[in-house]
Structure formats: C-alpha cells, structure tokens
Amino acid sequence: MRLQRHAAAGLGATKHRETHTARLPCRSTRGRAALQVACVATPHSADSQKEAPKGAVPPPGQYVSSPFGAGRVLTPSPPGSIDDDDVLELKNLRNYLVPRDSPFIADNNHGGGFVGDRDRIRLHTVEFESTESAGSFCADGVLTNGDEDSCILLPEWAIRCGPRKTIYFDPKQVSAAVVTCGGLCPGLNDVVQNIVYTLTDYGVPEDNILGIRYGLRGFYERDAKPITLTRKYVDGIHLKGGTMLGTSRGGANVKEIVRRIDLWGLNMVFVVGGNGGNAAANAISEECEAQGVCCSVVGVPKSIDNDILIIDKCFGFETAVEEAQRALLAAKVEAGSARNGLGVVKLMGRQSGFIAMQAAMASGVADVCLIPEIPFRMDKLCEHVATIFEKQGHCVVCVAEGAGQDLLTSGGAGGTDASGNPILADIGVYLRNEFKKHFKGDADIKYIDPSYMIRSVPTTSNDRIYCKVLGQGAVHGAFAGFTDITVGLVNTHYVYLPIPTIIQAARKVNPKGRRWNRLITAIRQPDLAA
C-alpha cells in the first residue's frame, strides 16, 4: 500500500517530544531525589473509607483501587502542557489510514474493555530520599554501562499496550508477515502462534498471513519461499523449542525487503528479534517511509541474554535461567563428591551477565559468579577458590561467556559476527586450564558447558503466558496504526516503546545495583579485581 495522506503531512506521532531518547550523561538525579521529605498525616475517617456507589465514575485525578487492580483516572490538562508532553513518542501511520470501529466493540472486547491512547505507564517508579540512596544515579533514565556517561534519559511515561476501540486497518484487507531473526530463544514459536491467532481474531483472512523463512533473507531469497500461516498450521507449535519459521543472522538487504513488502501488498510486518532484529525493523520502517510504502512494522524484543533496554525482561529469559540451573546443580553434585572438587559452569551472556547472575542466585549453589560487567584478576580468583576449599571442601564457579575477555590474548577472539555481536574467546576453557595450573593436581576440576542446550527448550509456564501477551500486543499495536515500535513489560505493565530508544545500547547488569549486590552478599564474594 502506498502512502496517501488523510490528514496532516508527514508520519504522525502520539506526542511531540524528540529529545528524550538522546544519549546524554546524567550526573545527578535531576530532581527525582526528594532531598527534604515532609511527612503529613492524613486523617482517615469512616466516611472517607466508604465504598463508592456501584457503577459510580471516579472524578479525574483520583486514585482508585479494587480487588482487580488500581490506578489513577487521568486529569484533563491543557493541550501542550508539560505533563501531557512527557511521554515516549511513537510513530504512527494514522494520517494515511481511515479510522474505523474495532470488531471487538460489539461485546466490549469480550467484556474486558479497551485501552485508550492516553493510558500511560510510569517509567520512573521510585522517588529517592537523596542522591545517596542506592539506585538514585540515573533516576531519570536507564543505565547501559553503570557509569556517568552511560545514562540514557527518558521521559516520565510510556503509552500503554492493548486493544483500541478505534483501529486503522480493515481486517479483511490486511496482509501480514511474521519473521524471526537472530539466535534461538525459548518462546519464538509461542510468539508466532499468538500473532497468528490475534490476527485471525481481528478477522484477517488466514490466506493473508505469511511466515517468512530463515530470517529476513527469506523476503527475497529464492530457496526460502514464504509459507501461509493458518490457525491449524501453528496449532501446537508452542510445545516445541526453536522456531518453526527458521532463522538467520544479519546480512539483510533492507531495500529489497521493502520492495517485496510493496510488491506483495503487505501492510503489517512483525519482526521477532533481539537488538539486531529490532534495528532491522527500524531500518525497514524508515525505508518504507522513504519509499512511500504504508506498512506498520512492529517488533517483539527477543534476547536470551535479557539485554534489551528499558523492558523488565525478555521472553525466554526465565526459561533459560531455569535450564541453566540444571548445569549448576550438576556441577554442585560433581564438586561435592570429590576432595577439593571444583565445578566450572559457563553460561550464555555475551555482553550482559543476567543469566549467570540470576541462575547463581536462584540455584543457591554457586560460590563464585563472573560476569562481563565486573572485571576480575586470575590470581585473586584462585585465592578466593582456595579459601572456599578450606571452608567447605569444594567450590562451584558460574561464569558468563563474555566475562574476563581482557585476560585472553588468543583463542579466536576479535571481530564481530553477522549480527554485529563480538566474537569471544572461550573463557570457560581458559578458567579450567588456569585452575589446573594453579592447583597443580590438588583439585578435581569438572568443566560443564550447557551452551545451546539452554536456548533450545520449550518455554516454562510464565514465559509462555508472557509470549502470548507480547504476540497479542504486537497485533493490537499494528491495528492501532503505530509503526517502528516494539512491545514489552515495563514496571509490570505492558507498553509500546519506540524501537530507536531500545536499540541505542545493550542493557547490562549495573555493578552498583541492588541485584548484583544481593548476589555477592549472599555468596560472600569479595572484589576480585582489587
């Protein structure tokens, strides 16, 4: 579909602020820390606690609570006010589309109601007592590296995800495509399935839903023709690991992809991928705009390393942590069954150590955790392991694959792969060999590398539910006329986020954050770099 304006010129945007996502240093909490706190007692009379009449509409600005949840009804504010403007901006195609009623209006979306465009989720949920409070640094943004120059500033609000009363595509005229790209991750099939289910729930003909084979190249490579995705075809795929569409890394020709989108008459494209996949979705969206092709491009953020900015967690991460624990528990058994037994487990985590950190905390058997964000010295590590031997007779070391790369001078490290990810040397083998040198046969060392096993399994129940909501939310966002967006969980609520914001950098473990502090406190891990 070619772009034809129905309103003002240019791509629309839900808000008018463009400076929020700039990469800026943040050297203070910018007023988010309340330096002087006054406590005011509020009287609670019996009258103030009376239940509101059934069916009563709460006044604007009032906080309301029920057995099903809580929130605040929006207070009307003058157009252009700061509060109304302080929202993450989303691109939309509404100027080129015709609004119409949602097919779910007849039964009020099965009795669940609808989401409004001014429904907002707060991005900053904590008011800090002072700049000395843990976590107060970069209170108005999100950290990428844990230092002053890695704070990406964010506005106060994000737009809520969900079905709208007004949609901007005629379901009968929708032609959609779904593509998975990048490395495998638990939940890919779950997301694909629920995108297909939700499209057909809207009334999109099943013949109009394409599955792109083997990543973005499947748009134009002759030996990877698209397949038609029907409800019957995707039934049961959530019970299997991997992706039924196939996947690949990098190397996509964006201009050729957009040419095929135009040629095939696609007006919705769903890209399930990590930082690289979402960057490709952003490039496709921009190329569609440049060529005048009216197509809503929506991403679903996938990363087994959990390294997507802003969102609480990526789908598949919980499943990966659950599977990673099996390796740690096996290492505990091996180490505990020998004199000076030493189990070394290498887990995924190229630039971010979330899997290693979370699995070490959850399993309760790791004595040492090494992640890419925290440097360490080999001599200090060996000394600490020796101390643990003296105390309990065995030790379990959990290491993320990207940890300690500065210690390795050979082994194939260097350069990047097709997705732009750094190629790493093998820290697991390095640790095993260094431990053997240091302990000179006085330690029984077992090295376990579960590697791709943790990403090839079907999802756990929590991840499965998460994937369902993400797939549904992606389709709701497309029908709402948004483009160049992704969907995710932020502060326990589902929101739409502009893709350019989340791909600025990889999310990393904050070395000064509470999560890392909880782990090293629990396992009594000293500073191994000092």
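Residues numbered from 1 in each chain as written. Predicted model: local features only at pLDDT ≥ 70, side-chain atom pairs only at ≥ 80, totals over all residues. Heavy atoms only, no water.

(A) Here's a closer look at the overall build of the protein. Per the secondary structure count, the protein includes 12 helices and 22 strands. Looking at the protein residue by residue over its 530 residues, the buried ones come to 51%. The long-range fraction of contacts in the protein, counting pairs at least 24 apart against all pairs at least 6 apart in sequence, stands at 79%. Taken as a whole, the protein presents about 24200 Å² of accessible surface, with 50% of it coming from carbon and sulfur. (Helix = DSSP H or I, 4+ residues; strand = E, 2+ residues; numbered from the N terminus. Buried < 20%, exposed > 50% of the residue type's maximum accessible area, 1.4 Å probe, protein only. Contact = heavy atoms within 4.5 Å. Areas by Shrake-Rupley, 256 points an atom, 1.4 Å probe, with all protein chains shown as cover.)

(B) Geometry of the sheet that holds strand 11 (residues 176–180). Read from one edge of the open sheet, nine strands run 6-9-22-21-15-14-11-12-13, paired in mixed fashion. Looking along the sheet, the strands with just one partner apiece sit at the ends: strand 6 (120–122) and strand 13 (227–228). For strand 21 (residues 485–490) and strand 22 (residues 493–498), the ladder comprises six bridges, and the chain directions are antiparallel. Looking at strand 22, one finds that Val 487 is bridged to Tyr 496. (Pairing = 2+ DSSP bridges.)

(C) Examining the pattern of salt bridges more closely. Summed over all chains, the structure comprises 18 salt bridges. Residue Arg 259 pairs with Glu 256 through a salt bridge whose shortest N-O separation is 3.0 Å. With a gap of three residues between them, Arg 259 and Glu 256 both fall in helix 4 (residues 254–264), about one helical turn apart. Using a relative accessible area of 41% as the deciding quantity, one classes Arg 259 as partly exposed. (Salt bridge = Lys/Arg side-chain N within 4 Å of Asp/Glu carboxyl O.)

(D) Structural context of the packing of helix 8 (residues 378–392) against helix 9 (residues 427–439). Relative to each other, helix 8 and helix 9 sit at 65 degrees, their axes nearing to 11 Å. By the angle between their directions, the pair helix 8 and helix 9 is classed as roughly perpendicular. Helix 8 and helix 9 meet at a crossing whose hand is right-handed. In contact with Met 378, Leu 381, Cys 382, Val 385, Ala 386 and Phe 389 of helix 8, helix 9 contributes Tyr 430, Leu 431, Glu 434, Phe 435, His 438 and Phe 439. (Axes fitted to C-alpha atoms, helices over the stretch in contact; angles between N-to-C directions. Parallel < 35°, antiparallel > 145°, perpendicular 65-115°, else oblique. Left-handed = near helix turned anticlockwise from the far one by under 90°.)

(E) Broad picture of the packing of helix 7 (residues 354–363) against helix 12 (residues 514–523). The interhelical angle for the contact between helix 7 and helix 12, taken along N-to-C directions, is 45 degrees, at an axis separation of 10 Å. Considering the angle they form, helix 7 stands oblique to helix 12. Read as a crossing pair, helix 7 and helix 12 show a hand that is left-handed. Facing helix 7, whose interface residues are Phe 354, Met 357, Ala 360 and Met 361, helix 12 presents Arg 515, Trp 516, Arg 518 and Leu 519. Here the contact of helix 7 with helix 12 is built from residues that sort into six nonpolar, no polar and two charged. (Nonpolar A, V, L, I, M, F, W, Y, C, P; charged D, E, K, R; others polar.)

(F) Quick peek at the environment of Ile 152. Positionally, Ile 152 belongs in strand 8 (residues 151–153). In sequence terms Ile 152 and Val 142 are 10 residues apart; their C-alpha atoms lie 5.3 Å from each other.

(G) The sheet that holds strand 17 (residues 368–370), seen in detail. Reading across from one edge, 17-18-16-19 is the order of the four strands in this open sheet, with parallel pairing throughout. Two strands in the sheet have a free side with no partner beyond their single neighbour: strand 17 and strand 19 (444–448). Here the average twist between neighbouring strands, direction ignored, is 15 degrees. Sheet topology places strand 16 (residues 341–347) next to strand 19; five bridges connect them, and they run parallel.

(H) Just the environment of Leu 153, in detail. By the secondary structure assignment, Leu 153 is in strand 8. Overall, the relative accessible area of 14% leaves Leu 153 in the buried class. In this structure the C-alpha to C-alpha distance between Leu 153 and Gly 141, which are 12 residues apart in sequence, comes to 4.0 Å.

(I) Local environment of the packing of aromatic side chains. Evaluated as defined, the whole model comprises seven aromatic pairs. For the pair Phe 104 and Tyr 202, a centre-to-centre distance of 4.7 Å together with 55 degrees between the ring planes defines the contact as tilted. A residue pair is termed long-range when its members are at least 10 positions apart, and Phe 104 in the loop between strand 5 (100–101) and strand 6 and Tyr 202 in helix 2 (residues 188–202) qualify at 98 residues. The pair Phe 104 / Tyr 202 is uniform in exposure class, with both members buried. Taking the centre distance of 5.7 Å and the plane angle of 55 degrees together, the rings of Phe 482 and Tyr 496 count as tilted. Within this pair, whereas Phe 482 is found in strand 20 (residues 482–483), its partner Tyr 496 is found in strand 22, the two being separated by 14 residues in sequence. (Phe/Tyr/Trp six-rings, centres within 6.5 Å; stacked < 30°, edge-to-face > 60°.)

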